[in-house]
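Each chain, written out:
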Amino acid sequence: MEGHPLALHDVMFIPALVAQASDEQNKKWLRRAQRREIVGCYAQTELGHGSNLRKLETTATYDVSTQEFVLHTPQITSLKWWPGGLGKSSNYAVVVANMIVKEKHLGPHSFLVQLRDEITHQSLKGITVGDIGPKLSFNAIDNGFLGFDNYRIPRTNLLMRHSRVEPDGTYVKPPHAKINYSAMVRVRSHMATGQGNFLAQALTIAVRYSTVRRQGFIESGEQEVKVLDYQTQQHRLFPSIAKAYAFTFAGYETIRLYEQLLKEVDTGNVSLMADLHALTSGLKSVVTHQTAQGIEQARMACGGHGYSQASYISEIFGVAVGGCTYEGENMVMLLQLARYLVKSVEQIKAGESGKLGPLVAYLAVKVDGVDLEKGVEEYMKAFQHVSRLQTWKASEKFLKLLKSGEKREVAWNKSSVELTRASRLHTRLYIAETFKRSVQEVADPRLKEVLTDLLHLHVNYELLDMATYALEDGFLSSSQLDYVRDQLYFYLAKIRPNAVSLVDSWEFSDMQLRSVLGRRDGNVYENLVAWAKASPLNKTDVLPSVEKYLKPMMNSKL
Ligand SMILES: CCCCCCCCCCCC(=O)SCCNC(=O)CCNC(=O)[C@H](O)C(C)(C)COP(=O)(O)OP(=O)(O)OC[C@H]1O[C@@H](n2cnc3c(N)ncnc32)[C@H](O)[C@@H]1OP(=O)(O)O
Ligand SMILES: Cc1cc2nc3c(=O)[nH]c(=O)nc-3n(C[C@H](O)[C@H](O)[C@H](O)COP(=O)(O)OP(=O)(O)OC[C@H]3O[C@@H](n4cnc5c(N)ncnc54)[C@H](O)[C@@H]3O)c2cc1C
C-alpha cells in the first residue's frame, strides 16, 4: 500500500528514460533499469521550487572543452528535495536541471546522473544525498534530498530523444517546448486509476464492516440493524463506490491517450500534447481531492474502530491524499486547465468554434433546458450547461479585467478562484461522460444493470452537488432538483442489496487491505482483540515507565 522504495523507479524513472532518452542511450540504460541492475528516481522538485519549474535552480552547464555537463547546486533552495526513492535506495536519478549552453539558459532538461557507487552504494564525490525525514504517510518510500558540487557527467547523459546538444555545443530544440515534462504527464495520466484503486480499497473495508456492525434500531425488533441499512450510511458510502468505478474508467481513457501520445510524439506529431496536458491536469486535481474526501467519509462511517490503525483506512488516506500535492499541486494544475478553457472561449468569441477540440466543443453550444426524466443523456446536458456557464463567467471576468487595463497576470490572479471552479466542473463533466460511455460498452446484461444503477446514483449525486450553478440562471427548477433528490435516494436503496458484491468484485485480498475491519471472513471483533493484544504495549502487564515515572509521581508529597 504505502508504495515501496522502488515505486518511483517503476512509475517515473523508467518512463522518463522511455520517453526522453534516445534509442542509443536506452540500449545502455533501459534494460539495466528494467532488470533493476540500477535503481533510479525522478529528481526535479527542489527545496525552494516544485510548482514553478521555470525557476528550478540546479544548473547543468555545458563544458565544450571536455564535452561534459557540470551539475551544480548554487544555494540551499536549489537542493533537490522530495523525490521518492532518492534518499537511500537509488544509485541513479533522472535529474531535471536548468541547462546552460554557451551562456544561454535553455530551461529544464533531463539528465541521467549516477549518484552512488554501483558496488558499495556509497554516494559519489561531489554528491550530497539523504532522506528528508518522516512524512504524513508513504514512509516506506525514502523521499530524499540531493546536492551537487560541480559534479561532472558526460554530454551523452543529457536525455536526447527530443532535444540534443552536439559536441561543439550546438543545441537542437525539441519539437515542443514542454516535451521534457512528459514524465509528469504520464503519472498524471495514470493517477485516476491509481486513486480509484485507493478509494475502492477504503470502500471495501467500510462497506464490509458496515454489514458486520450492528448498532441501534430502525424499527423495534430483536436484533439491532446493520449500520449499512441506515440511509445516511448509504449516502456516505455508495456515491464513493460509483466514483471508484468512474475514476477507473476515466483513467483507462487517459492511459490510452498517453500511450497514443508517446507513439505520435516519436513521429513528430505533438498535437495531442496540449489536450492531454489540460485533461490530465484537471483530472488529477478533481480525482485526488474527491478520493481523499471519499476515504475520509469511509473512515468516519466506521466509527471508533475506523479511527484505529487496525482499520488501515488512515494509511490509505495518507497515501492517496499526497496526490493532491504530488505530480503538480491541485490549484496549479486546475489553473493549467483553465488556460485551455479560456483559450477555447476566446476562439469561440473570435468565431473559430470549428477549431475547438472534442473535449470543449460543448462550450460553443447553448442548451436551454433538460428533461431529466428522459435519462442520463439529459444529465450530461446539465453538466455541460453548468460547466459552460461557469467557464464563460470566469473567462468574462478575466477578459473584462484585461480590458480595464489590468496586466494579464494580475487579471488572471484576480479571476483564479472562479477559473478553478470552471476547471473542476469541466473535469466532472468529463468523468461523468467517460463513466456513461464505459457502462454502455459493458456486454454482460446483469453487470450492465448494476453499473447503470451506479451511474444513475453518480449523476444525481453530482448534479445535486453542483446545484448552485444549475439554479443560478434558472436552468434547473427547484422541482427538478426535488426529482434529483428522489432519484438519489431511490438509487441508494436500489444499490443496497448489491453493495457488498460491488466491493467484493474488486477482489482485494486481506493481505492487500491489511484491515481487521475489512476482513473477507467478517470476523472483526475477535481479530480486533487479537490485534490489540499483539500491540507492543501489551508485552508486559506493568510498563517500565511505571517504576521510572508514575510511582515517583504518585509517591511524591507535593
Ligand atoms: C502505490 C504507490 C504508488 C506510488 C505513486 C507515487 C507517485 C508520486 C509521484 C510524484 C512525483 C512528482 O511529484 S514529480 C514532480 C511533479 N511536479 C510537477 O508536476 C510540477 C508542476 N509544474 C509544472 O508542471 C509546470 O511548472 C507548469 C505546467 C505548472 C507551468 O509550466 P511552465 O513551463 O511555466 O508553462 P506555462 O507558462 O504555465 O504554460 C506555457 C504553455 O505550456 C503548456 N504546457 C505546460 N506544461 C505542459 C505539458 N506537460 N504538456 C503540454 N503543454 C504544457 C501550457 O498549457 C501553456 O500552453 P498555452 O496556454 O500557452 O497554450
Ligand atoms: C508524497 C510526495 C511525493 C513526491 N515525489 C516527488 C518525486 O518523486 N519527484 C519530484 O521531483 N517531486 C516529488 N514531489 C514533490 C511535488 O511534486 C511537489 O511538492 C509539488 O509539485 C508541489 O510543489 P511545492 O511543494 O513546491 O509546492 P508550492 O508550489 O510551493 O505550493 C505551495 C502553495 O502555493 C500555491 N501555488 C504555487 N504556485 C501557484 C500558482 N502559480 N498559482 C496559484 N497558487 C500557486 C499552491 O497551490 C500551494 O497551495 C513529491 C511530493 C510529495 C508530497
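Residues numbered from 1 in each chain as written. Chains lettered and ligands numbered in written order. Predicted model: local features only at pLDDT ≥ 70, side-chain atom pairs only at ≥ 80, totals over all residues. Heavy atoms only, no water.

K.L.:
Talk me through the site of ligand 1; I want residue IDs and the actual numbers.
P.N.:
Lining the immediate environment of ligand 1, one finds 27 residues, of which S51, R54, K178, R188 and K343 sit closest. Within the backbone of G328, one N or O atom sits 3.0 Å away from an oxygen atom of ligand 1. Contacts to ligand 1 include K343, whose side-chain N or O atom sits 2.6 Å from an oxygen atom. Against a free-state accessible area of 1,300 Å², the protein chains account for coverage of 80% of ligand 1. If you list the elements that add at least two residues to the shell around ligand 1, you get α1 (7-20), α3 (182-212), α5 (272-300) and α8 (330-349). (Near = heavy atom within 4 Å. Polar contact = N/O pair within 3.5 Å; in protein donor to acceptor, adjacent residues only side chain to side chain. Areas by Shrake-Rupley, 256 points an atom, 1.4 Å probe, with all protein chains shown as cover. Helix = DSSP H or I, 4+ residues; strand = E, 2+ residues; numbered from the N terminus.)

K.L.:
Tell me about the pattern of salt bridges, residues and numbers included.
P.N.:
Going through the model one piece at a time under the given rule, you end up with 30 salt bridges. For K381, the salt bridge identified is with E378, shortest N-O distance 2.9 Å. With K381 and E378 both in helix α9 (residues 376-403), this residue pair falls three residues apart, about one helical turn. Residue classification places E378 among the buried positions, given a relative accessible area of 9%. Among the ionic pairs, E406 bridges to K414, the shortest N-O distance being 2.4 Å. The class of K414 is partly exposed, set by a relative accessible area of 47%. One salt-bridge network, in which partners are shared between bridges, spans R32, R35, E37 and E118. (Salt bridge = Lys/Arg side-chain N within 4 Å of Asp/Glu carboxyl O. Buried < 20%, exposed > 50% of the residue type's maximum accessible area, 1.4 Å probe, protein only.)

K.L.:
A description of the layout of surface pockets should follow, citing residues and the corresponding values.
P.N.:
Estimates place the volume of the second largest pocket at around 480 Å³. K243, H289, Q290, Q293 and D465 are the residues nearest the centre of the second largest pocket, which is lined by 20 residues in total. For the lining of the second largest pocket, the secondary-structure elements that each account for two or more residues are α4 (231-266), α5, α8, α10 (408-440) and α11 (445-465). With seven residues, the top contributor of residues to the lining of the second largest pocket is α5. (1 Å grid on protein atoms, 1.4 Å probe; cavity = no way out; pocket = protein on both sides within 12 Å on 5 of 7 lines; lining within 4 Å. Points joined across faces, edges and corners; volume = space filled by probe spheres on them.)

K.L.:
I'd like a description of the sheet that holds strand β8 (residues 144-148), backed by residues and values.
P.N.:
The sheet built from three strands is open, its strands ordered β4-β8-β7 with antiparallel pairing. For this open sheet the edge positions go to β4 (80-81) and β7 (127-131), each flanked by a neighbour on one side alone. Here five bridges tie β7 to β8, and the two strands are oriented antiparallel to one another. Across the sheet, I127 pairs through a bridge with F148, a residue of β8. (Pairing = 2+ DSSP bridges.)

K.L.:
For unusual backbone geometry, give the residues involved together with the corresponding values.
P.N.:
Non-glycine residue Q67 carries a positive phi angle of around 55°. Tracing the sequence through the fold places Q67 in the loop between β2 (59-63) and β3 (68-72). Judged by its relative accessible area of 37%, Q67 falls in the partly exposed class. A positive phi angle, near 70°, is found at H121, a position not held by glycine.

K.L.:
An account of the pairing of strand β5 (residues 92-101) is needed here, citing residue identities and associated values.
P.N.:
Of all ten residues in β5, ten are buried, a share of seventy percent or more. In terms of strand pairing, strand β1 (residues 42-43) meets β5 through two bridges, oriented parallel. When the sheet's bridge partners are listed, A43 is paired in β5 with V95. The pairing of β2 with β5 spans three bridges and is classified as parallel. Bridge pairing in β5 links A60 to M99. One ladder, built from nine bridges, connects β5 with strand β6 (residues 104-114); its direction is antiparallel. Residue pairing across strands places Y92 opposite Q114, the latter belonging to β6. Joining the antiparallel neighbours β5 and β6 is a turn of two residues, in which K102 adopts a positive phi near 50°.

K.L.:
For the domain arrangement of the chain, give the residues involved together with the corresponding values.
P.N.:
As far as domains go, the chain holds domain 1 (7-173) and domain 2 (177-352). For domain 1 and domain 2, the distance between their C-alpha centroids amounts to 30 Å. Facing 21 residues of domain 1, the contacting portion of domain 2 comprises 21 residues. Seen at the junction of domain 1 and domain 2, the total is one salt bridge. Here D266 makes a salt bridge to R161, at a shortest N to O gap of 2.9 Å. Where domain 1 touches domain 2, the interface holds seven residue pairs in polar contact (both at pLDDT 80 or more). Every element with two or more residues in the side of domain 1 that touches domain 2 is listed here: α1 and β6. (Domains from an automatic or database assignment. Contact = heavy atoms within 4.5 Å.)

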